[in-house]
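Each chain, written out:
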Amino acid sequence: MSSLTEWLVSVDEDRRRAGLVRRTDARRGTGSRRGLLDLASNDYLGLGDDPRVRAAAATAIETYGAGAGASRVVTGTTAGHEELERELAVLTGQPSCLAFSSGYAANIGLLTALGSPDTLIVSDEHVHASLIDGARLSRSPVRICPHNDLAVLEELLRDREQTRAVVVVESIYSVLGDATDLARVAALCVTYDALLVVDEAHGIGVAGRGRGAVHAAGLSGAPHVVVTATLSKALGTQGGAVLGTPLVREHLVNTARTFIFDTGLAPAAAVGAAEACRIIAAEPGLADELHRIAAVIAVAAGVPHAPGAVQSIPADSAEHAVTAADRLFDDGVVVGCFRPPSVPDGVSRLRLVARAGVDPERAARAARLAARLSRAEARLG
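So, here's what we can say about the structure. Remember, predicted model here, so these are calculated numbers, not experimental data.

The rules behind the values
Residues numbered from 1 in each chain as written. Predicted model: local features only at pLDDT ≥ 70, side-chain atom pairs only at ≥ 80, totals over all residues. Heavy atoms only, no water. Helix = DSSP H or I, 4+ residues; strand = E, 2+ residues; numbered from the N terminus. Rg over C-alpha atoms; globule rule 2.2 N^0.38 Å. Buried < 20%, exposed > 50% of the residue type's maximum accessible area, 1.4 Å probe, protein only. Contact = heavy atoms within 4.5 Å. Lys, Arg positive; Asp, Glu negative; His and termini not counted. Charge placed at Lys NZ, Arg CZ, Asp CG, Glu CD. Axes fitted to C-alpha atoms, helices over the stretch in contact; angles between N-to-C directions. Parallel < 35°, antiparallel > 145°, perpendicular 65-115°, else oblique. Left-handed = near helix turned anticlockwise from the far one by under 90°. Nonpolar A, V, L, I, M, F, W, Y, C, P; charged D, E, K, R; others polar. Pairing = 2+ DSSP bridges. Core = buried A, V, L, I, M, F, W, Y, C linked by side-chain atoms within 4.5 Å. Phe/Tyr/Trp six-rings, centres within 6.5 Å; stacked < 30°, edge-to-face > 60°.

## Focus: the overall build of the protein
1) Next: Counting secondary structure elements, the protein contains 14 helices and eleven strands.
2) Next: Taken over the C-alpha trace, the protein has a radius of gyration of 21 Å; the compact-globule value for 381 residues is 21 Å, and the two agree within 12%.
3) Next: Each principal axis of the C-alpha distribution contributes one length, and for the protein these read about 55 × 50 × 50 Å.
4) Next: Expressed as a percentage of its 381 residues, the buried residues of the protein come to 53%.
5) Next: Here the contacts in the protein between residues at least 6 apart in sequence split such that 75% fall between residues at least 24 apart.
6) Next: Separation of charge centres in the protein, based on 38 positive and 44 negative side chains, amounts to 4 Å.

## Considerations on the packing of helix 6 (residues 150-158) against helix 7 (residues 182-191)
In helix packing, the relevant descriptors are the interaxial angle and the interaxial distance, both defined with respect to the helix axes.
1) Next: Where helix 6 contacts helix 7, the two axes come as close as 10 Å, and the packing angle between them is 15°. Taken together, the axes of helix 6 and helix 7 lie roughly parallel to each other. Relative to helix 7, helix 6 is oriented so that their crossing is right-handed. Residues Leu150, Leu153, Glu154 and Leu157 of helix 6 lie in contact with helix 7, whose contacting residues are Arg184, Val185 and Leu188.
2) Next: Per-class residue counts for the contact of helix 6 with helix 7 are five nonpolar, no polar and two charged.

## Considering the sheet that holds strand 11 (residues 349-353)
1) Next: Taking strand neighbours across the sheet as the criterion, the four strands line up as 1-10-11-9 in an open arrangement whose pairing is mixed. Looking at the sheet topology across the chains shown, the edges are occupied by strand 1 (37-39) and strand 9 (310-314). Going from strand to strand, the sheet's axes swing by 30° on average, the running direction of each strand aside.
2) Next: Pairing between strand 10 (residues 333-338) and strand 11: three bridges, direction antiparallel. Bridge pairing in strand 11 places Phe338 opposite Arg349.
3) Next: Contacts between helix 12 (residues 285-301) and the sheet are confined to strand 1, strand 9 and strand 11, with strand 9 contributing the most and set at about 10° to the helix.
4) Next: Packing of helix 14 (residues 360-373) onto the sheet brings it into contact with strand 1, strand 9, strand 10 and strand 11, and relative to strand 1 it is tilted by some 60°.

## A closer look at the nonpolar core
1) Next: Core analysis: the largest hydrophobic core is formed by 112 residues, its most contacted members being Val167 and Leu350.
2) Next: Beyond its immediate chain neighbours, meaning those up to four positions away, Val167 contacts Val122, Leu153, Leu157, Val185, Cys189, Ala194, Leu195, Leu196 and Val197.
3) Next: Ala56, Ala57, Ala268 and Val271 belong to the second largest nonpolar core, which has five residues in total.

## Observations regarding the packing of aromatic side chains
1) Next: Following the criterion strictly, the structure yields one aromatic pair and no others.
2) Next: Ring geometry for Phe100 against Phe259: centres 5.5 Å apart, planes inclined by 65°, an arrangement best described as edge-to-face. Here the residue Phe100 occupies a position in strand 2 (residues 96-100), and Phe259 occupies one in helix 10 (residues 257-260), the gap between them amounting to 159 residues. Phe259 matches Phe100 in its accessibility class, with the two residues each being buried.

In C-alpha coordinates:
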(Lines give C-alpha, C1' and ligand atoms only; values in the text may rest on other atoms or scores of the structure.)
Protein backbone atom coordinates (compact mmCIF):
# COMPACT_ATOMS: atom_id res chain seq x y z
CA MET A 1 0.00 0.00 0.00
CA SER A 2 1.43 3.39 -1.00
CA SER A 3 1.95 6.18 1.51
CA LEU A 4 -0.79 8.22 -0.18
CA THR A 5 -3.26 5.32 0.04
CA GLU A 6 -2.36 4.77 3.70
CA TRP A 7 -3.06 8.42 4.38
CA LEU A 8 -6.42 8.31 2.56
CA VAL A 9 -7.43 5.23 4.58
CA SER A 10 -6.37 6.92 7.81
CA VAL A 11 -8.32 10.13 7.23
CA ASP A 12 -11.37 8.13 6.11
CA GLU A 13 -11.28 6.18 9.38
CA ASP A 14 -10.96 9.43 11.34
CA ARG A 15 -14.02 10.87 9.57
CA ARG A 16 -16.08 7.78 10.33
CA ARG A 17 -15.13 7.77 14.01
CA ALA A 18 -16.09 11.44 14.28
CA GLY A 19 -19.42 10.99 12.50
CA LEU A 20 -18.38 13.39 9.72
CA VAL A 21 -18.89 11.24 6.62
CA ARG A 22 -20.81 12.99 3.85
CA ARG A 23 -22.76 11.30 1.09
CA THR A 24 -24.04 11.91 -2.40
CA ASP A 25 -27.43 10.24 -2.22
CA ALA A 26 -29.87 10.58 -5.12
CA ARG A 27 -32.65 9.21 -2.91
CA ARG A 28 -32.67 12.51 -1.02
CA GLY A 29 -33.35 14.51 -4.16
CA THR A 30 -36.82 15.99 -3.90
CA GLY A 31 -37.72 14.72 -7.37
CA SER A 32 -37.00 11.13 -6.39
CA ARG A 33 -39.83 10.53 -3.95
CA ARG A 34 -43.41 11.77 -4.23
CA GLY A 35 -44.64 13.73 -1.24
CA LEU A 36 -41.19 14.43 0.21
CA LEU A 37 -41.13 17.67 2.24
CA ASP A 38 -38.08 19.65 1.16
CA LEU A 39 -36.67 21.75 4.01
CA ALA A 40 -33.10 21.41 2.79
CA SER A 41 -32.66 22.76 -0.72
CA ASN A 42 -31.77 26.37 -1.48
CA ASP A 43 -34.57 26.83 -4.00
CA TYR A 44 -36.10 29.32 -1.56
CA LEU A 45 -38.97 30.54 -3.74
CA GLY A 46 -39.68 27.33 -5.65
CA LEU A 47 -38.64 28.97 -8.92
CA GLY A 48 -36.48 26.03 -9.97
CA ASP A 49 -39.68 24.19 -10.83
CA ASP A 50 -41.73 27.23 -11.89
CA PRO A 51 -43.22 26.61 -15.36
CA ARG A 52 -42.17 30.08 -16.52
CA VAL A 53 -38.53 29.52 -15.56
CA ARG A 54 -38.50 26.04 -17.05
CA ALA A 55 -40.01 27.33 -20.31
CA ALA A 56 -37.47 30.14 -20.53
CA ALA A 57 -34.60 27.70 -20.00
CA ALA A 58 -36.02 25.26 -22.57
CA THR A 59 -36.39 28.01 -25.16
CA ALA A 60 -32.78 29.04 -24.51
CA ILE A 61 -31.58 25.51 -25.21
CA GLU A 62 -33.40 25.55 -28.54
CA THR A 63 -31.95 28.97 -29.33
CA TYR A 64 -28.36 28.68 -28.07
CA GLY A 65 -27.72 24.98 -27.52
CA ALA A 66 -26.89 23.09 -24.35
CA GLY A 67 -23.72 25.00 -23.45
CA ALA A 68 -21.90 28.27 -24.05
CA GLY A 69 -19.14 26.47 -25.95
CA ALA A 70 -16.26 28.77 -24.97
CA SER A 71 -15.05 31.43 -22.60
CA ARG A 72 -17.19 34.55 -22.43
CA VAL A 73 -14.30 36.56 -23.93
CA VAL A 74 -14.07 34.27 -26.99
CA THR A 75 -17.44 33.13 -28.39
CA GLY A 76 -19.21 32.15 -25.15
CA THR A 77 -21.28 35.30 -24.63
CA THR A 78 -24.85 35.10 -25.92
CA ALA A 79 -27.79 37.47 -25.81
CA GLY A 80 -29.04 35.24 -22.99
CA HIS A 81 -26.05 36.22 -20.82
CA GLU A 82 -26.71 39.88 -21.53
CA GLU A 83 -30.37 39.41 -20.64
CA LEU A 84 -29.43 37.87 -17.30
CA GLU A 85 -26.97 40.63 -16.46
CA ARG A 86 -29.52 43.29 -17.33
CA GLU A 87 -32.37 41.72 -15.32
CA LEU A 88 -30.24 40.95 -12.25
CA ALA A 89 -28.95 44.53 -12.21
CA VAL A 90 -32.52 45.85 -12.44
CA LEU A 91 -33.72 43.58 -9.64
CA THR A 92 -30.94 44.60 -7.25
CA GLY A 93 -30.68 48.25 -8.31
CA GLN A 94 -27.06 47.89 -9.39
CA PRO A 95 -25.52 49.73 -12.35
CA SER A 96 -23.86 46.68 -13.91
CA CYS A 97 -23.47 42.91 -13.61
CA LEU A 98 -21.11 40.20 -14.79
CA ALA A 99 -22.23 36.56 -14.83
CA PHE A 100 -19.89 33.70 -13.90
CA SER A 101 -20.31 29.94 -14.19
CA SER A 102 -20.96 29.62 -10.43
CA GLY A 103 -21.17 31.67 -7.26
CA TYR A 104 -17.95 30.00 -6.15
CA ALA A 105 -16.20 31.20 -9.32
CA ALA A 106 -17.62 34.70 -8.88
CA ASN A 107 -16.25 35.05 -5.35
CA ILE A 108 -12.81 33.68 -6.20
CA GLY A 109 -12.64 35.75 -9.40
CA LEU A 110 -13.55 38.97 -7.61
CA LEU A 111 -11.16 38.67 -4.67
CA THR A 112 -8.22 37.49 -6.74
CA ALA A 113 -8.81 40.35 -9.20
CA LEU A 114 -8.89 42.91 -6.36
CA GLY A 115 -6.05 41.45 -4.32
CA SER A 116 -2.45 42.61 -4.10
CA PRO A 117 0.29 42.76 -1.45
CA ASP A 118 -0.80 46.36 -0.75
CA THR A 119 -4.50 45.47 -0.30
CA LEU A 120 -5.66 44.22 3.09
CA ILE A 121 -8.60 41.81 3.04
CA VAL A 122 -10.65 41.81 6.24
CA SER A 123 -12.96 38.82 6.23
CA ASP A 124 -15.72 37.92 8.67
CA GLU A 125 -14.94 34.57 10.27
CA HIS A 126 -18.26 33.07 9.14
CA VAL A 127 -18.02 33.75 5.40
CA HIS A 128 -18.46 31.01 2.83
CA ALA A 129 -15.61 28.75 1.73
CA SER A 130 -15.52 30.41 -1.69
CA LEU A 131 -14.67 33.75 -0.08
CA ILE A 132 -12.09 32.12 2.17
CA ASP A 133 -10.46 30.49 -0.84
CA GLY A 134 -10.61 33.72 -2.84
CA ALA A 135 -8.85 35.60 -0.04
CA ARG A 136 -6.18 32.90 0.22
CA LEU A 137 -5.50 33.07 -3.51
CA SER A 138 -5.55 36.86 -3.72
CA ARG A 139 -1.89 37.57 -2.81
CA SER A 140 -3.27 39.95 -0.18
CA PRO A 141 -2.59 39.99 3.53
CA VAL A 142 -5.74 38.64 5.20
CA ARG A 143 -7.14 39.34 8.65
CA ILE A 144 -10.10 37.41 10.05
CA CYS A 145 -12.60 39.50 11.97
CA PRO A 146 -14.70 37.91 14.73
CA HIS A 147 -18.24 37.37 13.48
CA ASN A 148 -20.16 40.65 13.19
CA ASP A 149 -17.72 42.41 15.55
CA LEU A 150 -17.75 46.00 14.31
CA ALA A 151 -15.33 47.24 16.96
CA VAL A 152 -12.63 44.84 15.80
CA LEU A 153 -13.46 45.59 12.16
CA GLU A 154 -12.90 49.30 12.78
CA GLU A 155 -9.62 48.60 14.56
CA LEU A 156 -8.34 46.45 11.70
CA LEU A 157 -9.22 49.08 9.11
CA ARG A 158 -7.89 52.00 11.15
CA ASP A 159 -4.56 50.38 12.01
CA ARG A 160 -3.75 48.80 8.66
CA GLU A 161 -0.46 49.44 6.92
CA GLN A 162 -1.75 48.76 3.40
CA THR A 163 -3.00 51.50 1.08
CA ARG A 164 -6.19 49.70 0.11
CA ALA A 165 -8.62 47.50 2.02
CA VAL A 166 -11.47 45.14 1.13
CA VAL A 167 -14.04 44.09 3.74
CA VAL A 168 -15.77 40.77 3.04
CA VAL A 169 -19.13 39.84 4.60
CA GLU A 170 -22.33 38.00 3.76
CA SER A 171 -25.63 39.81 3.95
CA ILE A 172 -27.29 36.73 5.48
CA TYR A 173 -25.15 33.84 6.69
CA SER A 174 -25.96 30.37 5.50
CA VAL A 175 -25.41 28.27 8.63
CA LEU A 176 -26.74 30.41 11.49
CA GLY A 177 -29.09 32.41 9.28
CA ASP A 178 -28.10 35.70 10.96
CA ALA A 179 -27.53 39.01 9.17
CA THR A 180 -24.87 41.70 8.87
CA ASP A 181 -25.58 45.30 9.84
CA LEU A 182 -24.76 46.48 6.35
CA ALA A 183 -25.41 50.16 6.98
CA ARG A 184 -22.87 50.32 9.81
CA VAL A 185 -20.29 48.19 8.01
CA ALA A 186 -20.64 50.32 4.88
CA ALA A 187 -20.23 53.50 6.94
CA LEU A 188 -16.98 52.15 8.41
CA CYS A 189 -15.78 51.39 4.89
CA VAL A 190 -16.41 54.98 3.86
CA THR A 191 -14.60 56.32 6.93
CA TYR A 192 -11.53 54.16 6.35
CA ASP A 193 -11.52 54.14 2.52
CA ALA A 194 -12.31 50.46 2.09
CA LEU A 195 -14.30 48.54 -0.50
CA LEU A 196 -17.17 46.46 0.88
CA VAL A 197 -17.84 43.09 -0.76
CA VAL A 198 -21.23 41.65 0.21
CA ASP A 199 -22.10 38.07 -0.69
CA GLU A 200 -25.87 38.11 -1.27
CA ALA A 201 -26.19 34.39 -1.98
CA HIS A 202 -28.81 34.09 0.75
CA GLY A 203 -30.13 37.65 0.46
CA ILE A 204 -31.35 38.07 -3.10
CA GLY A 205 -34.89 36.75 -3.36
CA VAL A 206 -35.17 36.76 0.43
CA ALA A 207 -34.33 40.16 1.95
CA GLY A 208 -35.85 43.46 0.88
CA ARG A 209 -38.93 41.73 -0.55
CA GLY A 210 -36.63 39.84 -2.87
CA ARG A 211 -34.37 42.65 -4.05
CA GLY A 212 -31.67 41.83 -1.52
CA ALA A 213 -30.29 43.17 1.74
CA VAL A 214 -27.97 45.65 0.02
CA HIS A 215 -30.95 47.21 -1.73
CA ALA A 216 -32.94 47.24 1.51
CA ALA A 217 -30.07 49.06 3.25
CA GLY A 218 -30.10 51.80 0.61
CA LEU A 219 -26.65 50.82 -0.70
CA SER A 220 -27.52 49.83 -4.27
CA GLY A 221 -25.19 51.56 -6.66
CA ALA A 222 -22.87 52.82 -3.92
CA PRO A 223 -19.40 53.05 -5.51
CA HIS A 224 -17.70 51.48 -2.48
CA VAL A 225 -19.99 48.40 -2.42
CA VAL A 226 -19.70 45.31 -4.63
CA VAL A 227 -22.24 42.49 -4.47
CA THR A 228 -21.69 38.84 -5.33
CA ALA A 229 -24.55 36.44 -5.91
CA THR A 230 -25.44 32.93 -6.89
CA LEU A 231 -28.23 31.94 -9.24
CA SER A 232 -28.60 28.54 -7.59
CA LYS A 233 -30.66 29.58 -4.59
CA ALA A 234 -33.67 31.90 -4.80
CA LEU A 235 -33.24 32.25 -8.58
CA GLY A 236 -33.63 28.49 -8.97
CA THR A 237 -31.03 27.81 -11.65
CA GLN A 238 -27.22 27.76 -11.57
CA GLY A 239 -24.36 30.24 -11.92
CA GLY A 240 -22.99 33.31 -10.19
CA ALA A 241 -22.60 37.04 -10.64
CA VAL A 242 -20.77 40.14 -9.47
CA LEU A 243 -22.70 43.42 -9.36
CA GLY A 244 -21.26 46.89 -8.95
CA THR A 245 -19.93 49.81 -10.94
CA PRO A 246 -19.11 49.48 -14.64
CA LEU A 247 -15.46 50.09 -13.69
CA VAL A 248 -15.47 46.97 -11.49
CA ARG A 249 -17.12 44.94 -14.25
CA GLU A 250 -14.52 46.07 -16.78
CA HIS A 251 -11.73 45.16 -14.39
CA LEU A 252 -13.13 41.66 -13.91
CA VAL A 253 -13.63 41.02 -17.63
CA ASN A 254 -9.94 41.74 -18.09
CA THR A 255 -8.41 40.21 -14.96
CA ALA A 256 -10.67 37.64 -13.24
CA ARG A 257 -9.15 34.26 -14.08
CA THR A 258 -12.32 32.33 -13.19
CA PHE A 259 -14.11 34.40 -15.84
CA ILE A 260 -11.48 34.60 -18.58
CA PHE A 261 -10.32 30.97 -18.45
CA ASP A 262 -13.67 29.30 -17.77
CA THR A 263 -16.36 28.26 -20.22
CA GLY A 264 -19.30 30.62 -19.94
CA LEU A 265 -22.41 29.85 -17.95
CA ALA A 266 -24.84 27.62 -19.85
CA PRO A 267 -27.27 29.95 -21.67
CA ALA A 268 -30.29 28.00 -20.41
CA ALA A 269 -29.29 28.70 -16.79
CA ALA A 270 -28.74 32.38 -17.63
CA VAL A 271 -32.09 32.85 -19.35
CA GLY A 272 -33.93 30.86 -16.69
CA ALA A 273 -32.41 33.07 -13.99
CA ALA A 274 -33.34 36.19 -15.94
CA GLU A 275 -36.96 35.04 -15.92
CA ALA A 276 -36.69 34.34 -12.18
CA CYS A 277 -35.49 37.93 -11.65
CA ARG A 278 -38.57 39.26 -13.42
CA ILE A 279 -40.86 37.04 -11.34
CA ILE A 280 -39.28 38.14 -8.05
CA ALA A 281 -39.56 41.80 -9.01
CA ALA A 282 -43.21 41.41 -10.04
CA GLU A 283 -44.23 39.15 -7.13
CA PRO A 284 -42.66 40.38 -3.87
CA GLY A 285 -45.25 38.31 -2.02
CA LEU A 286 -43.09 35.25 -2.68
CA ALA A 287 -40.47 36.57 -0.27
CA ASP A 288 -43.19 37.49 2.23
CA GLU A 289 -44.49 33.92 2.12
CA LEU A 290 -41.00 32.55 2.71
CA HIS A 291 -40.66 34.66 5.87
CA ARG A 292 -44.03 33.45 7.15
CA ILE A 293 -42.85 29.85 6.81
CA ALA A 294 -39.54 30.76 8.47
CA ALA A 295 -41.39 32.14 11.49
CA VAL A 296 -43.51 28.98 11.73
CA ILE A 297 -40.38 26.79 11.70
CA ALA A 298 -38.55 28.89 14.28
CA VAL A 299 -41.46 28.93 16.72
CA ALA A 300 -42.09 25.20 16.36
CA ALA A 301 -38.40 24.38 16.85
CA GLY A 302 -38.02 26.76 19.78
CA VAL A 303 -35.12 28.67 18.21
CA PRO A 304 -34.68 32.42 17.57
CA HIS A 305 -36.30 33.50 14.31
CA ALA A 306 -33.42 34.17 11.91
CA PRO A 307 -33.85 36.92 9.31
CA GLY A 308 -33.15 34.65 6.34
CA ALA A 309 -34.63 31.44 5.03
CA VAL A 310 -32.36 29.22 7.13
CA GLN A 311 -33.55 28.35 10.63
CA SER A 312 -30.80 26.59 12.56
CA ILE A 313 -31.27 23.96 15.29
CA PRO A 314 -28.13 23.12 17.31
CA ALA A 315 -27.50 19.41 17.88
CA ASP A 316 -25.80 17.94 20.94
CA SER A 317 -23.32 16.07 18.73
CA ALA A 318 -22.52 15.25 15.13
CA GLU A 319 -24.00 11.81 15.75
CA HIS A 320 -27.30 13.28 16.89
CA ALA A 321 -27.40 15.57 13.87
CA VAL A 322 -26.88 12.69 11.44
CA THR A 323 -29.35 10.40 13.22
CA ALA A 324 -31.96 13.16 13.39
CA ALA A 325 -31.62 13.89 9.68
CA ASP A 326 -31.98 10.17 8.86
CA ARG A 327 -35.05 9.83 11.11
CA LEU A 328 -36.65 12.86 9.49
CA PHE A 329 -35.96 11.43 6.04
CA ASP A 330 -37.67 8.20 7.05
CA ASP A 331 -40.60 10.41 8.08
CA GLY A 332 -40.68 12.05 4.64
CA VAL A 333 -38.75 15.22 5.42
CA VAL A 334 -35.37 16.30 4.06
CA VAL A 335 -33.32 18.71 6.21
CA GLY A 336 -29.74 19.90 6.07
CA CYS A 337 -27.22 18.25 8.39
CA PHE A 338 -24.24 20.51 9.00
CA ARG A 339 -21.17 19.31 10.88
CA PRO A 340 -17.53 20.38 11.14
CA PRO A 341 -15.82 21.63 9.05
CA SER A 342 -18.95 23.09 7.39
CA VAL A 343 -19.99 25.00 10.53
CA PRO A 344 -17.93 28.04 11.51
CA ASP A 345 -18.39 27.62 15.26
CA GLY A 346 -17.82 23.85 15.45
CA VAL A 347 -21.42 23.16 16.56
CA SER A 348 -23.27 20.51 14.57
CA ARG A 349 -26.79 21.53 13.66
CA LEU A 350 -29.83 20.77 11.59
CA ARG A 351 -30.58 23.45 9.04
CA LEU A 352 -34.25 23.81 8.15
CA VAL A 353 -34.82 25.97 5.10
CA ALA A 354 -38.06 27.90 4.78
CA ARG A 355 -39.39 27.81 1.23
CA ALA A 356 -42.33 29.57 -0.37
CA GLY A 357 -45.12 27.13 -1.12
CA VAL A 358 -44.36 24.74 1.75
CA ASP A 359 -47.31 23.55 3.86
CA PRO A 360 -46.86 25.44 7.16
CA GLU A 361 -48.44 22.67 9.26
CA ARG A 362 -46.09 20.03 7.83
CA ALA A 363 -43.16 22.40 8.32
CA ALA A 364 -44.13 22.94 11.97
CA ARG A 365 -44.44 19.21 12.64
CA ALA A 366 -41.04 18.60 11.06
CA ALA A 367 -39.46 21.41 13.07
CA ARG A 368 -40.79 20.05 16.36
CA LEU A 369 -39.49 16.58 15.55
CA ALA A 370 -36.11 17.95 14.45
CA ALA A 371 -35.72 19.88 17.68
CA ARG A 372 -36.50 16.80 19.77
CA LEU A 373 -34.21 14.47 17.84
CA SER A 374 -31.28 16.89 17.98
CA ARG A 375 -31.06 16.66 21.77
CA ALA A 376 -28.90 14.17 23.65
CA GLU A 377 -31.86 12.71 25.54
CA ALA A 378 -33.36 11.51 22.26
CA ARG A 379 -32.68 7.79 21.90
CA LEU A 380 -30.34 6.99 19.04
CA GLY A 381 -30.14 3.86 16.94
